[in-house]
Each structure stands twice: as structure tokens, then as C-alpha cells.
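Below are the chains, spelled out letter by letter.
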Amino acid sequence: MRFCVLTLIAVFAAGEFAYSQQRMPRRQGSPNRRQAGNTRDKNSEDVLPNFIGILKIIDKKFFFLEAEDGNTLKFNVGKKTTFFDGDKKIKLTDLKVGDPVAVEAQFDPEHTFDAVNVRIDKKKPEVPAQDSGPVKFSN
């Protein structure tokens, strides 16, 4: 009986010793650093959403754009906003109400759009026609 008890103790001790010798995988980087799955790809910040439409209201700090789908969007103008006519840089004052433009923008944490690049669009986008109401059929 004593031999069985000593054998069981030896088996459990050997098992614990073997388990404690297994290496746990190490985390890469410092503990304050984000995990690789949570960080953004560097190229994802280079791609900005693009909006096309007609300028409706222009001010020093913002402008409104009527998009092709009929929605009106407000864009903030900041120090980093650049304006182009083709490849040529222009000023905000060179834009006129009714100009067709393409706007690349960033979504601001305050739930607004910050204009990054504003380009005069040579091909004029079509503004949706006004709906004349329901269609009536006659028999």
C-alpha cells in the first residue's frame, strides 16, 4: 500500500514538474502598446471618402455641397484644406456658388466633415430632377 501511495505521489509530482516547464508564448512589444489587430493600416489613412456635387453656400470656415443624390453636406474649411483647379492650386475665394466640385474629406470626431482636398470638377455632375409626383395611368 505504501508503494502505491509513493508511486501516485511521484506520478503527480512529475506531471506538475513537466507542466511547469512548458513555455508560455511571450507578447511582443511593450504592455502599453496596442495589439497588432487594433492598429490601423498606414494606407487606410491615405484613402479619404470622396463627395461630388455642386457648391451651394461658401464661407471662410465652411461650405455646403449638394451631392448627386440630392443630399446637402456641410464641410469645414481648415488650415490644411487645399483647393485645386486641375493641378493648379487656387484659393477659397476662387470658388463660386454653382461650381461642380469633388471633395475629399475626413470625418471629424464632432460628427462633421473636414475638407482636405477640394477640386473643381470639369464635368458637371447632374443634379437630380425634381419629382413631379406620382405617375397617373389612364385606362
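Right above here is the structure, for reference.
Residues numbered from 1 in each chain as written. Predicted model: local features only at pLDDT ≥ 70, side-chain atom pairs only at ≥ 80, totals over all residues. Heavy atoms only, no water.

**Student:** Explain the side chain of Asp 121 here, please?
**Tutor:** Note that Asp 121 resides in the segment after β7 (113-120). Those residues within four positions of Asp 121 in sequence are excluded, and the remaining contacts are Ile 52, Pro 100, Val 101 and Ala 102. (Helix = DSSP H or I, 4+ residues; strand = E, 2+ residues; numbered from the N terminus. Contact = heavy atoms within 4.5 Å.)

**Student:** Could you clarify how one ought to interpret the pairing of β7 in this entry?
**Tutor:** Walk down a regular strand and you will see the side chains alternate between the two sheet faces. When you tally the buried positions in β7, you get 6 out of 8 residues, the bulk of the element. Pairing analysis gives 2 bridges linking strand β3 (residues 72-76) to β7, with the strands arranged parallel. Paired with Asn 76 across the two strands is Asp 114, which belongs to β7. Pairing of strand β4 (residues 82-85) with β7 involves 3 bridges; the strand directions are parallel. (Buried < 20%, exposed > 50% of the residue type's maximum accessible area, 1.4 Å probe, protein only. Pairing = 2+ DSSP bridges.)

**Student:** How should the nonpolar core be read in this particular structure?
**Tutor:** General note: in soluble globular proteins, nonpolar side chains tend to be found buried as a group. In terms of nonpolar packing, the biggest core is built from 19 residues, with Phe 63, Phe 75, Leu 95, Val 103 and Val 118 touching the most fellow members. Sorting the residues of this core by element identifies β1 (50-58), β2 (62-67), β3, β6 (100-107) and β7 as the ones contributing at least two each. Among the elements that make up this core, the one with the highest residue count is β7 (4 residues). Once residues within four sequence positions are removed from consideration, Phe 75 is found in contact with Phe 51, Lys 61, Phe 62, Phe 63, Leu 65, Val 103, Ala 105, Phe 113 and Ala 115. (Core = buried A, V, L, I, M, F, W, Y, C linked by side-chain atoms within 4.5 Å.)

**Student:** What is the right way to read the side chain of Asn 117 from this model?
**Tutor:** Tracing the backbone shows Asn 117 in strand β7. Polar side-chain contacts of Asn 117 include one of 2.6 Å to the side chain of Thr 82. Setting aside residues up to four positions removed in sequence, Asn 117 forms contacts with Thr 82, Phe 84, Ala 102, Val 103 and Glu 104. (Polar contact = N/O pair within 3.5 Å; in protein donor to acceptor, adjacent residues only side chain to side chain.)

**Student:** Just to check I follow, could you spell out the packing of aromatic side chains for this structure?
**Tutor:** Each aromatic ring pair is specified by the distance between its two centres and by the angle formed by the two planes. This model, assessed by the stated rule, comprises 6 aromatic pairs. With a centroid separation of 5.7 Å and 85° between ring planes, the pair formed by Phe 62 and Phe 64 is classed as edge-to-face. For Phe 64, a relative accessible area of 23% puts it in the partly exposed group. Taken together, the ring pairs connect Phe 51, Phe 63, Phe 75, Phe 107 and Phe 113 into an aromatic cluster. Residue placement shows Lys 74 over the ring face of Phe 62; its charged tip is 4.8 Å from the ring centre. Residue placement shows Arg 119 over the ring face of Phe 84; its charged tip is 4.4 Å from the ring centre. (Phe/Tyr/Trp six-rings, centres within 6.5 Å; stacked < 30°, edge-to-face > 60°. Lys NZ or Arg CZ within 6 Å of the ring centre and 35° of its normal.)

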